[in-house]
Amino acid sequence: TNETLPAIPVLPISFADATPLLTYMGGAAAPTDFIGGIDGLSYTVGPSANLVRVVTHNTFVTTPIPNVIATIPGSLPADEDQPVLLGNHRDAWVF
């Protein structure tokens, strides 16, 4: 339903798709802490006279996402052993 959809569209895009968008952004130079890692690109912050139309073909359904939990035994003696916790989000990477 529309109550669950964000008001501002967000779509992860590839390096190849981001490069032309950033190239044609225009406007003032970006501050140094905003500059990314694409070599040869002049980072700017807009505004731009160019328009972008984003079209997606998403299916909005609720599906289960499994939790992946594992234990990897270490090699230290029990009195020196320390737990290491790893985590990750999957919100932008589910298929």
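The structure we're discussing is the one just above.
The present account deals with the structure reproduced in this document. Here, residues in each chain are numbered from 1, in the same order as that chain's written sequence. The model is predicted, so local features are restricted to residues of pLDDT at least 70 and side-chain atom pairs to those at 80 or more, both for listing and for counting; the totals for chains, interfaces and linings are taken over all residues. As a rule here, side-chain values cover all heavy atoms of the structure and leave hydrogens and water aside.

### Here we look at the overall build of the chain
Within the chain, the regular secondary structure consists of one helix and zero strands. For the chain, with 95 residues in total, the buried portion stands at 7%. In this analysis, two residues are considered to be in contact whenever any of their non-hydrogen atoms come within 4.5 Å of each other. Here the analysis covers contacts within the chain between residues at least 6 apart in sequence; of these, 21% occur between residues at least 24 apart. Accessible areas in this description were obtained via Shrake-Rupley with a 1.4 Å probe; residue shielding takes into account the shown protein chains only. Accessible surface computed for the chain: about 9,300 Å², of which carbon and sulfur atoms make up 61%. Put simply, DSSP marks the helices as runs of H or I at least four residues long and the strands as runs of E at least two long, and each gets a number from the N terminus on. Throughout this description, buried means an accessible area under 20% of the type-specific maximum (1.4 Å probe, protein chains only), exposed means over 50%, and partly exposed covers the range between.

### Re the environment of Ala-28
Within the secondary structure, Ala-28 is located in the segment after helix H1 (15–23). A sequence separation of 20 residues divides Ala-28 from Ser-48, and the C-alpha atoms of the two residues are 9.9 Å apart. Excluding its chain neighbours within four sequence positions, the residues that come into contact with Ala-28 are Tyr-43, Thr-44, Val-45 and Gly-46.

### Some words on the environment of Leu-41
In this fold, Leu-41 is placed in the segment after H1. Distance from Leu-41 to Thr-23, taken between C-alpha atoms, is 6.6 Å for residues 18 residues apart in sequence. Apart from the residues lying within four places of it in its own chain, the contact partners of Leu-41 are Thr-19, Leu-22 and Thr-23.

### Details of unusual backbone geometry
With glycine set apart, most residues show a phi of negative sign, and most peptide bonds adopt trans. The residue after Gly-46, namely Pro-47, is reached through a cis peptide bond having omega 0 degrees. Positionally, Pro-47 belongs in the segment after H1.

### Structural notes on the side chain of Thr-44
By the secondary structure assignment, Thr-44 is in the segment after H1. Nitrogen and oxygen atoms within 3.5 Å of one another constitute a polar contact, given that in protein one can donate a hydrogen and the other can accept it, and given that sequence-neighbouring residues count only through two side-chain atoms. Side-chain polar atoms of Thr-44 contact the backbone oxygen of Gly-26, separated by 2.8 Å. Here Thr-44 is in contact with Leu-22, Met-25, Gly-26, Gly-27, Ala-28, Ala-29, Ala-30 and Phe-34, once residues within four sequence places are set aside.

### Topic: the environment of Thr-23
As for its placement among the helices and strands, Thr-23 is situated in helix H1. Residue classification places Thr-23 among the partly exposed residues on the basis of a relative accessible area of 44%. Along the primary structure Thr-23 and Tyr-43 are separated by 20 residues, whereas in three dimensions their C-alpha atoms are 7.6 Å apart.

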